[in-house]
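Survey of secondary and tertiary structure
Listed here are the chains, written in short residue letters.
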Amino acid sequence: MSESELPAGTPQSSPLAKQPILRHVLACVDASPFAVDAAPFAQAVLAHAAAVAEAVGARMTVMHVLESPAAHEPIDPVEWALRHRDATAYLHERMSRIGLLQADAVILAGVPAERINAWAHDNAADLVVLGRGGESDGFSVELGNTARRVAELANASVLLAPSVQVGDTRIRYRKVLAPLDGSSRSECALPLGLKIAAAHEAEMVLVHAAPKVDLIESDLLDAEAVALRDRLYRRNEHAARQYLDWIRSLLPATPTIQTRLLPSGDARRALARAIVKECADLVVLSSTGKSGHPEMSIGSIAGYLINHLNIPVLLVRQCKINSPTPHRSPNPAIDTRLPSQGIM
């Protein structure tokens, strides 16, 4: 996103400044078009993909991967042509239900996760949208194999849509939630989250879970140790509040933005509970955060949330970080820990 595309009133020191916005959204309908229960799940993927693509002005491609027979089995060209024809008709029928008249349709053959990742890379797709798959108990869901491999291996950002019926009406997000951990990586999810929230006239909620501090003691803590631990708790929460206030001061007046500070504890579970309590329609977060390493594709918090939330979760990747943000110390020893490029 160029400076001219930034929301009015955005300070140039803001995490929004000079951050790219999506240009090409790939919606992957992985379920078989012949399965009885596939249509509602396909509709959910298409509806969420359209909601994001339209919010950021991105073009959209809809894909279905026909799984190839085993390599040692001959392929019947007539049967293959019929499957391709039926899949194409199925995609266009699904797309027409929500008015995706301008989207392209692509039919591929092979192993779904491999074909999706390869096509997204070759065609510069910024965001891959697909259903979670897997088993759900109504509150949480384990990722299916295709969703997991795409989330782990794709170079693009990934939106995992829950397999629930959404109907034929367009999706309107009412509340978009963005977890932050104080790192440059986590802040890179803000431009996209704010852009989506503004387009949907949704409320934006920034959430920070203050890290838990434990003391290493073999026995029960004495009074002095307890007092030290409590001071550390209060210090962490005070610093977290300052951080949230600083971030909020840099962001534009619209959309409406709220901040939530979660008490010290297990950040993963605290965030999951907060997201449910806030009734968020969409979670937008970096795929790795403060503790992420270059070899990691998904951090521990992102991995926990995508496996324990049955709402749409957008993992943001490929975010360029041009310089340390102003609230951080100029101490060179600290600067060396900041990523030159977030692995989002």
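Focus: the packing of helix α3 (residues 112-122) against helix α4 (residues 145-153)
Any two packed helices are characterised by the angle at which their axes cross and by the distance between the axes. Between α3 and α4, the shortest axis-to-axis distance is 9 Å and the interhelical angle comes to 30 degrees. When the axes of α3 and α4 are compared, the crossing they make is right-handed. Here α3 contributes Pro-112, Ala-113, Ile-116 and Asn-117 to the contact with α4, which in turn contributes Thr-146, Arg-149, Val-150 and Leu-153. Looking at the contact of α3 with α4 residue by residue, the classes come out as 5 nonpolar, 2 polar and 1 charged.

Some remarks on helix α7 (residues 223-250)
Compared with an ideal rise of 1.5 Å per residue, which puts 28 residues at 40 Å, α7 spans 41 Å between its outermost C-alpha atoms and is within 8% of the ideal. Buried residues of α7: Ala-225, Ala-240, Tyr-243, Leu-244, Trp-246, Ile-247 and Leu-250, and no others.

Digging into the packing of helix α8 (residues 267-278) against helix α9 (residues 300-308)
Between α8 and α9, whose axes approach to 9 Å, the crossing angle comes to 40 degrees. Classed by the angle they form, the pair α8 and α9 counts as oblique. Regarding α8 and α9, the two cross each other, and that crossing is right-handed. For the pair α8 and α9, contact is made by Ala-267, Arg-268, Arg-269, Leu-271, Ala-272 and Ile-275 and by Ser-300, Ile-301, Tyr-304 and Leu-305, respectively. For the contact of α8 with α9, the class distribution of residues is 7 nonpolar, 1 polar and 2 charged.

Overview of the pattern of salt bridges
In this structure the tally under the stated criterion is 10 salt bridges. Where Asp-86 meets Arg-85, a salt bridge forms, and the shortest distance between an N and an O atom there is 3.1 Å. Measuring nitrogen to oxygen at the nearest pair gives 3.7 Å for the salt bridge that ties Arg-268 to Asp-266. Taking the relative accessible area as the measure of exposure, Arg-268 reaches 29% and is therefore partly exposed. Overall, the relative accessible area of 31% leaves Asp-266 in the partly exposed class. Among the charged side chains, a network of salt bridges with common partners joins Lys-175, Glu-203, Arg-260 and Glu-278.

What to know about the pairing of strand β10 (residues 313-316)
Where burial is concerned, the two faces of β10 agree: the one with Val-313 and Leu-315 and the one with Leu-314 and Val-316 are both buried. Where strand β5 (residues 157-161) lies against β10, 3 bridges are found, and the strand directions are antiparallel. Bridge pairing links Val-158 to Leu-315 in β10.

What to know about the nonpolar core
Among the nonpolar cores identified, the biggest contains 56 residues, and Leu-46, Met-60, Ile-196, Met-204, Leu-206 and Leu-314 are the most heavily contacted of them. It is helix α1 (residues 38-56) that provides the largest number of residues to this core, a total of 11 residues. What Leu-46 contacts, discounting residues up to four positions off in sequence, is Ala-27, Val-29, Met-60, Val-62, Arg-94, Met-95, Ile-98 and Leu-100. By size, the runner-up hydrophobic cluster in this structure holds 42 residues, among which are Trp-119, Val-150, Ala-156 and Val-207.

A closer look at unusual backbone geometry
The step from Thr-254 to Pro-255 runs through a cis peptide bond, and the omega angle for that step is 5 degrees. Here Pro-255 shows up in the loop between α7 and β8 (257-265). Phi angles above zero are rare outside glycine, and Glu-201 is one such case at about 55 degrees. Glu-201 gets classed as exposed once you look at its relative accessible area, which sits at 72%.

Considerations on the environment of Asp-245
Summarising the element assignment, Asp-245 is placed in helix α7. The class of Asp-245 is partly exposed, set by a relative accessible area of 41%. For the pair formed by Asp-245 and Thr-259, sequence separation is 14 residues and the distance between their alpha carbons is 8.0 Å.

The rules behind each value
- Note that residues are indexed from 1 along each chain, following the sequence as it is written.
- The predicted origin of the model limits local features to residues at a pLDDT of at least 70 and limits the giving and counting of side-chain atom pairs to 80 or more, whereas totals for whole chains, interfaces and linings rest on all residues.
- Side-chain descriptors were evaluated using all non-hydrogen atoms of the structure, hydrogens and water having been removed beforehand.
- Each axis is a line fitted through C-alpha atoms, and for a helix only the stretch in contact is used; angles between axes span 0 to 180 degrees, taken between their N-to-C directions.
- Strands are runs of DSSP state E lasting at least two residues, helices are runs of H or I lasting at least four, and both sets are numbered from the N terminus onward.
- Working rule for handedness: look at the near helix, and if it is turned counterclockwise from the far one by less than a right angle, call the crossing left-handed; if clockwise, right-handed.
- By definition in these notes, contact holds between two residues if any of their heavy atoms fall within 4.5 Å.
- Side-chain classes follow a simple rule in which Ala, Val, Leu, Ile, Met, Phe, Trp, Tyr, Cys and Pro form the nonpolar group, Asp, Glu, Lys and Arg form the charged group, and the remainder, Gly included, forms the polar group.
- A helix is expected to span 1.5 Å multiplied by its residue count minus one.
- For each residue, the accessible area found with a 1.4 Å probe, counting protein chains only, is set against the maximum for its type, and the residue is called buried under 20%, exposed over 50%, and partly exposed in between.
- Convention used here: angles under 35 degrees read as roughly parallel, angles over 145 as roughly antiparallel, angles from 65 to 115 as roughly perpendicular, and any remaining angle as oblique.
- When a carboxyl oxygen of Asp or Glu lies within 4 Å of a side-chain nitrogen of Lys or Arg, that pair is called a salt bridge.
- When DSSP finds two or more bridges between a pair of strands, those strands are recorded as paired.
- To define a nonpolar core, start from buried Ala, Val, Leu, Ile, Met, Phe, Trp, Tyr and Cys residues and group those joined through side-chain atoms within 4.5 Å.

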